[in-house]
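These are the residues of each chain, in order.
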Amino acid sequence: MITHKTFRKLSLIIAVVAVGFTASCRRDKDKDSDTSASKNENQAEAYFNELNSIADQVGTTGNVSALKLSEDAGTLLANCAVITIDTASNPSAATPNVYTIDFGTGCVGNDGKTREGILVITATGAYLNPGTVITITPQGYKVNGNEVQGYRRVTNLGENSEGQPTFSVEVDGTVILADNAGTIEWTANRIRTWVSGFNTPLLFSDDEYGLTGTSAGTRVNGVSWTSTINTQLLYRHSCRQIVSGTITISPENKFDRVVDFGTGDCDYTATVTINGNTYTITLL
């Protein structure tokens, strides 16, 4: 098996790479209040996080028909994907090296999304073994017409001083949006710590992950940005959202944005501070 239940659908909603700075008549009241760029960052994050969820499902059960967001949720993916497990590349290994998931020309999941194309998952060992490297590579893979390119690579770094499994996550990806809506480029280098729930591998609802590190990208309008997590972000699987932590996003030639996800409440909101002005955004 590749994984137990790692990196479930995390949609890490990082807000706010702005498009512009608007000067008011009064210079001491200058504001930059555009938070619309959160959509592009969130889209890229969500697509590449979903790759991990699908890979986890295949590694655990050998199919994608039972993928869930939580214990009480219905399944998300249908059984129309064809899965090939390559044992010939390393027949002596306990874990097969390559899994191929072929969604064909249109596989409609129980979540209402249409997936097509292929995902190739390579693993050097079992997910919980220190040193294991898992790489997920899409090939002509689309979700509702949005094509996902690049790769996501997860490396098991072993346990930290508190006995929590820790992983490095590297993403170098592109999302070509449907209907000629533009292209998002996104890279990430992060450390993900499985802070809670790793002792109950068959129970998803108690999983919590801590996240640190950086990312960068270019929006559909060509504006680039970098981001740095200041205070560890905490993702709670039962909430399916980030519930605490802060991150600074630095758009090209714009004010920094400091996004604060709160102190742990599952309220689906965050605040964004831009040039001394604070705004509330909805994460759903």
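Conventions we followed
- Residues numbered from 1 in each chain as written.
- Predicted model: local features only at pLDDT ≥ 70, side-chain atom pairs only at ≥ 80, totals over all residues.
- Heavy atoms only, no water.
- Helix = DSSP H or I, 4+ residues; strand = E, 2+ residues; numbered from the N terminus.
- Contact = heavy atoms within 4.5 Å.
- Areas by Shrake-Rupley, 256 points an atom, 1.4 Å probe, with all protein chains shown as cover.
- pLDDT = per-residue confidence, 0-100.
- Buried < 20%, exposed > 50% of the residue type's maximum accessible area, 1.4 Å probe, protein only.
- 1 Å grid on protein atoms, 1.4 Å probe; cavity = no way out; pocket = protein on both sides within 12 Å on 5 of 7 lines; lining within 4 Å.
- Points joined across faces, edges and corners; volume = space filled by probe spheres on them.
- Nonpolar A, V, L, I, M, F, W, Y, C, P; charged D, E, K, R; others polar.
- Salt bridge = Lys/Arg side-chain N within 4 Å of Asp/Glu carboxyl O.
- Phe/Tyr/Trp six-rings, centres within 6.5 Å; stacked < 30°, edge-to-face > 60°.
- Core = buried A, V, L, I, M, F, W, Y, C linked by side-chain atoms within 4.5 Å.
- Pairing = 2+ DSSP bridges.

Draft legend 1. Expanded view of the overall build of the chain. When helices and strands are tallied, the chain shows one helix and 14 strands. Sequence-distant contacts, at least 24 apart, represent 49% of the contacts inside the chain between residues at least 6 apart. Accessible area of the chain: about 12100 Å², with a carbon and sulfur share of 48%.

Draft legend 2. The confidence of the model for the chain, seen in detail. Looking at the chain as a whole, its pLDDT mean stands at 78, while 72% of the residues score no less than 70. Note that residues 69-73 has pLDDT below 50 and, in this model, eleven contacts with residues that lie over four places away or in other chains.

Draft legend 3. Representation of unusual backbone geometry. The backbone of N144 sits at a positive phi, close to 50°, despite the residue not being glycine. Counting through the fold element by element, N144 comes out in the loop between β5 (133-143) and β6 (146-159). Note on N144: relative accessible area 43%, which makes it partly exposed.

Draft legend 4. Region of interest: the environment of G210. By the secondary structure assignment, G210 is in strand β9 (residues 208-218). Every residue in contact with G210, bar those within four places of it in the chain, is listed here: I191, R192, T193, V195, Q232, L233 and L234.

Draft legend 5. Looking closely at empty space enclosed by the protein. Counted by the stated rule, this structure contains two cavities of 30 Å³ or more. When contributions to the lining of the second largest cavity are tallied by element, the ones reaching two or more residues are β7 (165-176) and β8 (183-196). The element contributing the most residues to the lining of the second largest cavity is β8, with four residues. Residue classes in the lining of the second largest cavity are distributed as five nonpolar, no polar and four charged.

Draft legend 6. Seen up close, the pattern of salt bridges. Here the structure, examined in full by the defined rule, presents two salt bridges. Between R153 and E170 there is a salt bridge, with the nearest N and O atoms lying 3.6 Å from each other. Here R153, found in strand β6, pairs with E170, found in strand β7; they are 17 residues apart in sequence, far enough to count as distant. Judged by relative accessible area, which is 27%, R153 ranks as partly exposed. One salt bridge in this structure joins E208 and R236, with 3.1 Å as the shortest N-O distance. One end of the pair, E208, is in strand β9; the other, R236, is in strand β10 (residues 224-236), with 28 residues separating them in the sequence.

Draft legend 7. Region of interest: the environment of T183. For T183, the position within the fold is in strand β8. In this structure T183 comes out as partly exposed when scored by relative accessible area, which is 34%. Between the C-alpha atom of T183 and that of T218, which follows or precedes it by 35 residues, the distance is 8.3 Å.

Draft legend 8. The arrangement of the side chain of T132 in detail. Tracing the chain through its elements places T132 in the loop between β4 (114-123) and β5. Ignoring anything within four residues of it in the chain, the contact list for T132 reads T124, G125, A126, Y127, V154, T155 and N156.

Draft legend 9. Up close: the packing of aromatic side chains. Throughout the structure, instances matching the rule amount to four aromatic pairs. Between the aromatic rings of W194 and F198, the centroid separation amounts to 6.4 Å while the plane-to-plane angle is 70°, which identifies the pairing as edge-to-face. Classification of W194 as buried rests on a relative accessible area of 0%. Through a chain of ring-to-ring contacts, three or more aromatic side chains come together here, namely W194, F198 and Y209.

Draft legend 10. Spotlight on the nonpolar core. With 46 residues, the main nonpolar core has F103, Y141 and F261 as its most contacted residues. If one sorts the elements of this core by residue count, helix α1 (residues 38-61) sits on top with six residues. When near neighbours in sequence (up to four residues on either side) are disregarded, F103 contacts I54, A81, R115, E116, G117, L119 and Y141.

Draft legend 11. Region of the structure containing the pairing of β8. Note that β7 and β8 share eleven bridges and pair antiparallel. Each bridged residue has a counterpart across the sheet, and for V169 the counterpart in β8 is R190. With antiparallel pairing between neighbouring strands as the criterion, β7 and β8 make up a hairpin whose turn holds six residues, including D179 at a positive phi of roughly 60°. In terms of strand pairing, β8 meets β9 through eleven bridges, oriented antiparallel. Opposite W194, over in β9, you have Y209 as the bridge partner.

Draft legend 12. Region of the structure containing the pairing of β6. Two elements, β5 and β6, share seven bridges in a ladder whose sense is antiparallel. In the sheet register, V143 faces β6, and the bridge partner there is N146. The antiparallel hairpin formed by β5 and β6 contains two residues in its connecting segment, where N144 sits at a positive phi of about 50°. With twelve bridges joining them, β6 and β7 adopt antiparallel strand pairing. Bridged to T155 within β7 is S168. Between β6 and β7, which follow one another and run antiparallel, lie five residues, and G163 among them has a positive phi close to 75°.

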